[in-house]
Amino acid sequence: MHEQWAKQYGHTFTYTGILGTRRLITLDPKALAYVMNHSAQWQKPELTRNFLADFFGKGVLFAEGEAHKRQNPSFAISHIRELTNVFHEKSQQLRDIWQRNLAEEGASMSVIDVVPWLGQATLDIIGLAGFDYEFNALNADGEKNELNQAFTTITKQGQRFGMFQIAQTFFSPLKLIPTKQSRTIANATAVMDRLGRQFINNKKQAILAEAAARTKGTAGQAYVEKNTLTTRDLLSRLMVANMANDLPENQRLSDEEVMAQIPTFLIAGHETTASATTWCLYALSRDQEIQRKLREELLRLDTDNPSMDELNSLPYLDAVIKETMRLHAAVTGISRVATQDDVIPLSKPLADKKGRWRHEILHLNIDQIFIPILCVNRNEEIWGKNALEFRPERWFNLTDKINGIPGVVPGVLSFIAGPRSCIGYRFALVEFKCLIFTLVRAFEFEMAVDPEQIIKKSNIVTRPYIMTEIEKGPQLPLKLAPYRGV
Ligand code: HEM
């Protein structure tokens, strides 16, 4: 829709949204960079924040201003390097399950809906990497553990967003009316809170015990230092930084703030990468030549467990991953509102209603800016006439035009840019590479339904649906055959 509008109305235009709000959509790179880099002036809309808070608590996705600065956990490259083995472990577990299923069926080929499997693999990964917690989601025979059940309930409810939920978002008193959905969410949230508190207490004890052992003191007198700990999970790192004795009191997070990071990491770090990997398998299934070329490169590495640096040295894999992120952005757009008067610069002048050329936009005339991630990623002016096609080769012949696109990953806006860009982007890219590395080496993929039947629907993240089976929820059935070499 936004792409069609941009074709009709140009780079930068306004429209009237729900409740008469004046909304601006722009593809202008200078304007986008300005808004994303000035995150103190341009914040998430209240409605978005309320939605995030209702479902996932007041974590880093929700926070603004000082609270956001305090909550930002670190994702250093060295840390992601250490986590690569977790990504491999779960990618290989998924591979082994699919191989076993094929063997049990005694078939040379099987049809598998990859959507739930990739969701389970990425949930397991964020569980281990995020909290040192084994969700065991890939273990289909095993009992779903309590946290898995509660989290799955909340995400499922988050996807059921009907008219009443929309009305509740706009008129918060409606939230006081209990519904089946609100009761289900409240029960699941209570379980997550209880388990979250347990998690945090256990981790606190472990951090204090480790600090005490290091300083040969008792846990009560332990001196916690910011950069010294042996654990690799994100939550422990955040907690150590937060418990450090030399951290000024006004920068310390409350237990509630630490707790809110659990659902935040779970939702931000699991659905997004699952969506990206799903779309990548879709693109590869649609183009056998690209799939073959990728597999050829992956098989050149003589190990099932390449290091992060080895994975990053594979140029075609890198191009396939970036092309997927470009064409199938998991999050297709985000909104921002101004907290103070501002003037947004433009790279291309714009004619106002009176025909005068303007080089900037006054925010006073608009209520909200929409950053159309997918539109920018697929802009024909940047990527040419074949912008809508999946062509990894384009990443070897980049033109200067991509330099203007603001983004933590050059050329793609999928992780946005600036102080509120995705803090997990390096984590996501390596995880994504590990999954594709393992699966494409082991299997050949083909579409099991007519590709024209697959449509995209966005609900926080974008997932594939079969046009005639929308009510069944997201699905992507693919034909899988073990790769047996040539
Ligand atoms: C393909 C994978 C991913 C994509 C496309 C993606 C995309 C995004 C986008 C667009 C935002 C900005 C949201 C907004 O401002 O409304 C964001 C924020 C965020 N992402 Fe990701 N993400 C991915 C993976 C991850 C992973 C794996 C993690 C954690 C391990 C993560 C953690 C976060 C967090 C905590 C934020 C909030 C940052 C802030 O508000 O300061 N993301 N992500």
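Residues numbered from 1 in each chain as written. Predicted model: local features only at pLDDT ≥ 70, side-chain atom pairs only at ≥ 80, totals over all residues. Heavy atoms only, no water.

> I keep staring at the coordination of the iron atom of the ligand and nothing clicks. Help me out?
Metal coordination angles have textbook ideals: 109.5 degrees for a tetrahedral set of four donors and 90 or 180 degrees for an octahedral set of six. Among protein atoms, the single one acting as a donor to the iron atom of the ligand is Cys422 (SG), 2.3 Å away. In this structure, Cys422 sits in the loop between helix 16 (380-383) and helix 17 (425-442). (Donors = N, O, S within 2.8 Å, 3.2 Å for Na, K, Ca; no water. Helix = DSSP H or I, 4+ residues; strand = E, 2+ residues; numbered from the N terminus.)

> I would appreciate a short explanation of the site of the ligand in the present structure.
Of all residues adjacent to the ligand, which total 25 residues, the nearest are His68, Thr272, Arg336, Arg420 and Cys422. In the environment of the ligand, a nitrogen atom lies 3.3 Å from a nitrogen or oxygen atom belonging to the backbone of Ala268. Between the ligand and the protein, one listed contact pairs an oxygen atom with a side-chain N or O atom of Arg420 at 2.7 Å. Broken down by secondary-structure element, the contributors of at least two residues to the shell around the ligand are helix 11 (255-286), strand 5 (334-338) and helix 17. Element by element, the count of residues in the shell around the ligand is highest for helix 11, at five residues. Class assignment for the residues of the shell around the ligand results in 15 nonpolar, seven polar and three charged. (Near = heavy atom within 4 Å. Polar contact = N/O pair within 3.5 Å; in protein donor to acceptor, adjacent residues only side chain to side chain. Nonpolar A, V, L, I, M, F, W, Y, C, P; charged D, E, K, R; others polar.)

> Looking at this model, I keep getting lost on the environment of Ala40. Mind explaining?
Along the chain, Ala40 turns up in the loop between helix 2 (29-37) and strand 3 (42-43). Given the relative accessible area of 54%, Ala40 is considered exposed. Separated by 25 residues in sequence, Ala40 and Gly65 have C-alpha atoms that sit 6.3 Å apart. (Buried < 20%, exposed > 50% of the residue type's maximum accessible area, 1.4 Å probe, protein only.)

> I would appreciate a short explanation of unusual backbone geometry in the present structure.
Glycine aside, the phi torsion of most residues is negative, and most peptide linkages are trans. In this model, Asn136 sits at a positive phi of 60 degrees, which is unusual for a non-glycine residue. Along the chain, Asn136 falls in the loop between helix 6 (114-131) and helix 7 (146-159). You can call Asn136 partly exposed: its relative accessible area is 32%.

> How should I be thinking about the packing of aromatic side chains in this particular structure?
How two aromatic rings sit relative to each other is given by the distance of their centres and the angle of their planes. The full count for this structure, using the stated rule, is 15 aromatic pairs. With a centroid separation of 5.2 Å and 90 degrees between ring planes, the pair formed by Trp279 and Tyr282 is classed as edge-to-face. Linking Trp279 with Tyr282, this pair stays in helix 11, spanning three residues, or about one helical turn. As far as burial versus exposure is concerned, Trp279 and Tyr282 are alike and both buried. Here Phe443 and Phe445 contribute two aromatic rings whose centre-to-centre distance is 6.2 Å and whose plane-to-plane angle is 65 degrees, an arrangement assigned as edge-to-face. Feature note: the residues Phe131, Tyr133, Phe135, Phe199 and Phe265 constitute an aromatic cluster, connected by ring pairs. Residue placement shows Arg49 over the ring face of Phe62; its charged tip is 4.2 Å from the ring centre. One Lys or Arg, Arg326, reaches over the ring of Trp383 and ends 5.1 Å from the middle of that ring. (Phe/Tyr/Trp six-rings, centres within 6.5 Å; stacked < 30°, edge-to-face > 60°. Lys NZ or Arg CZ within 6 Å of the ring centre and 35° of its normal.)

> So what exactly am I meant to see when it comes to the UniProt feature "binding site: heme" (unreviewed entry) in the protein here?
Here, the residues flagged by UniProt with the feature "binding site: heme" (unreviewed entry) are Cys422. Judged by its relative accessible area of 30%, Cys422 falls in the partly exposed class. Excluding its chain neighbours within four sequence positions, the residues that come into contact with Cys422 are Phe415 and Ile416. (UniProt positions renumbered as here; feature names shortened; annotations may be inferred. Contact = heavy atoms within 4.5 Å.)

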